[in-house]
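Letter by letter, the chains look like this.
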Amino acid sequence: MDDQQADGSVARPGHIRSFVLRQGRVSAAQQRYREAMMGRIGVPYVAAPVDLDEVFGRAAPQILEIGFGMGETSAAIAARHPEQDYLGIEVHTPGVGSLCKLVAEMGLANQRIIQHDAVEVLREMIAPATLAGIHIFFPDPWPKKRHHKRRLLQPALVSLLASRLRPGGYLHSATDWQDYAEQMLSVLSSEALLENTAPGFSPRPDYRPQTKFEQRGLRLGHGVWDLVFRRRIDSIDKSESNRQNQLP
């Protein structure tokens, strides 16, 4: 495609994607629930700020999740914290259908979904100083060195993420790749709007449940690294125009 990407996003010069749209198999149940639920909990992409209070039908702390996979963790967190609202971004249809199914089965009223490129959603749809929190759990590690430029958490994006947090809002990321964890720690620590809530890596917060995959890895001796940063209460935001120019 020339201008339009497979996820509906518009190609921009130099915009490096952190994901690959694979032709994953969509089960009949995932497709059925996606078709039934996205009209209710789906948020269409628009190139303009959205009123999240209107999206959820109430005023409550709003948490954004980037790349929710098959949605098990997202649904579990939303179920445990009905006092907060959760907006998940995912480009892959099987995962979107899976979370739609969980939302329907669990009767969740505080989960919404955007199926679109997260960078464009953050840039265009989320107003500055809006979010109470951001979750980025186990993003693609792109383990080959030549692919590290595709890793999601790069300085320009971290700057954009920080700007969308309200003062005191948190950014929680987790990975099971040590070199990516170290890169995350370096990049997050370099962002002037953020401060670490721990001396380095953080203990896993109670609200993040362990997945079966993670539990198996821990039994095999694999590490998992959590990082929890907060936007400084007294932070002075950078200009939006400078940030837009820096984004990949």
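Structure's up top.
What you see is a predicted model; the values in this text were computed from it and never measured. The numbering scheme is per chain: residues are counted from 1 as the chain's sequence reads. Whole-chain, interface and lining totals are the exception, using all residues; otherwise, since this is a predicted model, local features are given only for residues with pLDDT of at least 70 and side-chain atom pairs are given and counted only at 80 or more. Water and hydrogen atoms play no part in the side-chain values, which are based on all heavy atoms of the structure.

## Some details on the overall build of the chain
The condition that has to hold: Secondary structure is summarised from DSSP: a helix means a run of H or I of at least four residues, a strand means a run of E of at least two, and numbering begins at the N terminus for each. Any two residues whose heavy atoms approach within 4.5 Å at even a single point are treated as in contact.
The helix and strand inventory of the chain stands at nine helices and seven strands. For the chain, restricting intrachain contacts to residue pairs at least 6 apart in sequence, the fraction spanning at least 24 positions comes to 81%.

## Re the packing of helix α3 (residues 72-80) against helix α4 (residues 93-106)
A pair of packed helices can be characterised by two numbers: the angle between their axes and the separation between those axes. Quick reminder of the rule: For helices, the axis comes from a line fit to the C-alpha atoms of the stretch in contact; other axes are also lines fit to C-alpha atoms, and the angle between any two N-to-C directions lies between 0 and 180 degrees. Oblique is the label for any angle not under 35 degrees, not over 145, and not in the 65 to 115 range, which are roughly parallel, roughly antiparallel and roughly perpendicular in turn. Crossing handedness: left-handed means the near helix sits turned counterclockwise from the far one by under a right angle, and right-handed means the same turn made clockwise. Only Asp, Glu, Lys and Arg are considered charged in this grouping, and only Ala, Val, Leu, Ile, Met, Phe, Trp, Tyr, Cys and Pro are considered nonpolar; every other residue, Gly among them, is considered polar.
Relative to each other, α3 and α4 sit at 30°, their axes nearing to 9 Å. Regarding the angle of α3 to α4, the classification is roughly parallel. For the crossing formed where α3 meets α4, the hand is right-handed. Across from E72, S74, A75 and A79 in α3, the residues of α4 making contact are L99, L102 and M106. Partitioned by chemical class, the residues of the contact of α3 with α4 number five nonpolar, one polar and one charged.

## Regarding the environment of E65
Here E65 shows up in strand β1 (residues 62-66). Spatially, the C-alpha atom of E65 lies 8.2 Å from that of F137, the residues being 72 residues apart in sequence. If sequence neighbours within four positions are ignored, E65 has contacts with S74, L87, G88, I89, H135 and F137.

## What about the pattern of salt bridges?
Side-chain pairing between opposite charges can occur once the charged atoms of the two side chains come close. Rules: Whenever a carboxyl oxygen of Asp or Glu lies within 4 Å of a side-chain nitrogen of Lys or Arg, that contact is scored as a salt bridge. Note on exposure labels: buried denotes an accessible area under 20% of the residue type's maximum, exposed denotes more than 50%, and partly exposed covers the range between, all computed with a 1.4 Å probe on protein chains only.
Going through the model one piece at a time under the given rule, you end up with six salt bridges. Residues R208 and D226 are paired through a salt bridge, measuring 2.9 Å at the closest nitrogen-oxygen approach. Here D226 lies in strand β7 (residues 225-231) and R208 lies in the loop between β6 (194-196) and α8 (212-219), a separation of 18 residues in the sequence. For the residue pair R208 and D226, the accessibility class agrees, reading buried in each case. When salt bridges that share partners are traced, they join R208, E214 and D226 into one network.

## Thoughts on the sheet that holds β7
Rule in force here: What makes two strands pair is DSSP finding at least two bridges between them.
Taken together, seven strands build an open sheet; the order of strands is β3-β2-β1-β4-β5-β7-β6 and the sheet is mixed. In this open sheet, the two edge strands, each paired with only one partner strand, are β3 (111-114) and β6. Mean inter-strand twist for the sheet, computed between neighbouring axes without regard to direction, equals 20°. In this sheet, strand β4 (residues 131-137) lies alongside β1 in parallel orientation, the contact comprising three bridges. In the sheet register, E65 faces β4, and the bridge partner there is H135.

## Let's talk about unusual backbone geometry
Backbone geometry places A129, a non-glycine residue, at a positive phi of 55°. One can find A129 in the loop between α5 (118-125) and β4. One non-glycine residue, F138, adopts positive backbone phi at about 55°. Structurally, F138 can be placed in the loop between β4 and α6 (155-164). Overall, F138 belongs to the partly exposed group, its relative accessible area being 29%.

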